[in-house]
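Fold and contact review
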Amino acid sequence: MINNTKCDCGHNNPVGTVLCEHCGKPLDEKGDSDRPLEMRYEGKARRSQTQKATLFDRIWNFFSSVKVAIWLILITLVVSILGTLLPQEQYIPSNRPEIYYSETYGFWGEVFYRLGLSNLYESPVYIALLASIGISLVVCSLDRVIPLYKALTHQKVVKNIRFINRQRVSRTETVPESDKETLLDRLAESLSQKHYRIRREGDSILAEKGRFSRWGPYINHIGLILFLVGILLRHTVPGWYLDKYVYVREGETKKLPELNYYVKNVKATAELYDPKEMPESDKSQPTVKKYETRLILYEKDHETGKLRELKRGTAIVNHSFKYDDLELFQSVFTTETQAIQLNVKDKQKNRNLDTFKVDLFDPAPKYQLKNGIHIDILDYFPDFVMEGNRPATKSETPNRPAFIFSVDAPDLKKPEVSWMISGTNLDDINRKNRYTMELKGLETANVSGLMIRVDKGLPIIFLGGIISMIGLVMGFFWNHRRVWIRWQDGHLHVGAHTNKNWFGLRRELEQATEKTDLPLSFSPDRRQEVD
């Protein structure tokens, strides 16, 4: 750290300053005095370079490091890639991820789940990484933009000769005092024609253009910070982001998960292509032209508990049903069994006694039939499976319905117990029973799988992306150019600096001096190319 604070010109500079804030003279003349000046942040010291005493200073210095920012970004990228190796929990067809990953993907699936990668993007660790990148962007920007802003808004026209001669592009030429006024006027006019903003004090000129491009990287940082804020809000604020599925049968009204909305499937249809519209090779089987679901959206009144209709509309593939921030997408269309009709048969007399219907989604516990027959459902397994020699259900969807019935009749001493799985009696269990049940028919219903999407952070993310692109364009397609000119003791000193495109700067200076009577060449040499 540089301890010089007072320049020869009499100006007291803050500790850590490399170039005098007033005249630009280098405050450290050690080493190669002809080496081009370090013009980053105009020689002003950053906070992270001067304050290191308190805990806050140490935290600030840690996050102000570009190396730390790069490491945080790399770690986040690697972790993000690991999360894509296997499906996330919200996309697996099971509500028991601890079993699904090991059974489906074996050892690596078990490792994936145990490491927490199955729900990575909503985990506190991942959110902390994103927050750390955002903090690093804020601290890096403030640590650099504040001294840069102060330096650029308080530029002095008269600069020390050492400052001018040690610029990467510089030239010194002998000019008699009698010609200096005319030459300085012509140089100022020529540079003005090239859209430089001219400031002059006595025998010194400062020509500058494109300063706004210096703010491009920081505007880009603002856009990235907004982008990260939008992502963090999606995962930390309830109700800001939702991406789930709900399956609704025709005629059913179902609550949307995590929302105070209910949706009713009025009608779900699949429109087929007319065979005349299809080529000969595809006429063998029907082809769906359009999936469509007519919906009614309700909101529940907390005081009365009643549903209040909000909107009617349709959800079609690629055309969502929208209400405020909510979108419902037609994602899945299927047909499933809604109810079964069963015949009760007297095996002794070999005749059917009566028929009853069981709703697979809401079965009644008791059924009263003719001839005084009573049917009770003792147990119901919508998706039957055996787990450790015990019956269980994998889900609430009736993929493989199993029932345990109790049949009571006037001529029975005690009720009979019957098993039925997927509409088939288990004869080995029901063999001694007098009464049995047989499947008579099925009732099916169309089911729409709706993708629920709420994303209130998307406008912030888009705004951040737009601002970031503006910053990138500013930084890439424009550059900040400055030219310092000073006549002293019979010599004209010209020095120039730009943040990029040095060839363009040299060519522009040569063209400007050609319009005067003193054409100068600013061809680079090896010494000047060192940076």
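**Focus on the nonpolar core**
Core analysis: the largest hydrophobic core is formed by 23 residues, its most contacted members being L191, V483, I485, L492 and L509. Elements supplying a minimum of two residues to this core: α7 (177-193), β3 (204-209), β20 (481-488), β21 (491-498) and α11 (502-514). Ranked by residue count, the leading element in this core is α7, at 5 residues.

**A word on the sheet that holds β3**
If you walk across this open sheet you meet the 5 strands as β1-β21-β20-β3-β2, and the pairing is antiparallel. Each end of this open sheet is capped by a strand with a single partner; those strands are β1 (169-174) and β2 (197-201). The sheet shows a mean angle of 10° between the axes of neighbouring strands, taken without regard to direction. Bridge count between β1 and β21: 6 bridges; the pairing is antiparallel. The residue bridging R171 from the neighbouring strand is V494, located in β21.

**Brief notes about the side chain of T498**
Secondary-structure assignment places T498 in strand β21. Polar side-chain contacts of T498 include one of 3.1 Å to the backbone oxygen of H480. Within the structure, the side chain of T498 is placed 2.8 Å from the backbone oxygen of K500, a separation counted as a polar contact.

**A closer look at the environment of R199**
Tracing the backbone shows R199 in strand β2. Judged by relative accessible area, which is 26%, R199 ranks as partly exposed. Between the C-alpha atom of R199 and that of F462, which follows or precedes it by 263 residues, the distance is 40 Å. Residues contacting R199, with those up to four places away along its chain left out, are Q155, V157, S204, I205 and L206.

**Comments concerning the packing of helix α3 (residues 66-82) against helix α5 (residues 124-153)**
Interhelical geometry of α3 versus α5 gives an angle of 155° and a closest axis separation of 10 Å. One element, α3, and the other, α5, form an angle in the roughly antiparallel class. The handedness of the crossing between α3 and α5 is left-handed. Of α5, the residues touching α3 (which contributes V66, A69, L72, I73, I75, T76, V79 and S80) are Y126, L129, L130, S132, I133, S136 and R144. Residue composition of the contact of α3 with α5, by class: 10 nonpolar, 4 polar and 1 charged.

**So, α3**
Under the 1.5 Å per step criterion, the end-to-end length of α3 is 25 Å for 17 residues, consistent within 8% with the ideal 24 Å. Within the sequence span of α3, burial applies to V68, A69, L72, T76, V79 and S80. For α3, the arc enclosing every buried residue in end-on projection is 105°, short of the 170-degree limit, so these residues lie on one face. Those residues of α3 that are exposed and angled more than 90 degrees off the buried face are K67, W71 and I81. If you follow the buried residues of α3, they end up packed against α2 (55-63) and α5. Where α3 begins, the side chain of S65 points an oxygen toward the backbone nitrogen of K67, at a separation of 3.3 Å.

**Structural notes on unusual backbone geometry**
Notably, E258 is not glycine yet its phi reads approximately 65°, a positive angle. Looking at the element boundaries, E258 is found in the loop between β5 (253-255) and β6 (261-272). The backbone of D489 shows a phi angle near 50°, a positive value even though the residue is not glycine. Relative to the assigned elements, D489 resides in the loop between β20 and β21. On the basis of relative accessible area, D489 is assigned to the exposed category, the value being 66%.

About the thresholds
Residues numbered from 1 in each chain as written. Predicted model: local features only at pLDDT ≥ 70, side-chain atom pairs only at ≥ 80, totals over all residues. Heavy atoms only, no water. Core = buried A, V, L, I, M, F, W, Y, C linked by side-chain atoms within 4.5 Å. Buried < 20%, exposed > 50% of the residue type's maximum accessible area, 1.4 Å probe, protein only. Helix = DSSP H or I, 4+ residues; strand = E, 2+ residues; numbered from the N terminus. Pairing = 2+ DSSP bridges. Axes fitted to C-alpha atoms, helices over the stretch in contact; angles between N-to-C directions. Polar contact = N/O pair within 3.5 Å; in protein donor to acceptor, adjacent residues only side chain to side chain. Contact = heavy atoms within 4.5 Å. Parallel < 35°, antiparallel > 145°, perpendicular 65-115°, else oblique. Left-handed = near helix turned anticlockwise from the far one by under 90°. Nonpolar A, V, L, I, M, F, W, Y, C, P; charged D, E, K, R; others polar. Expected span 1.5 Å × (residues − 1). Arc of directions from axis to C-beta.

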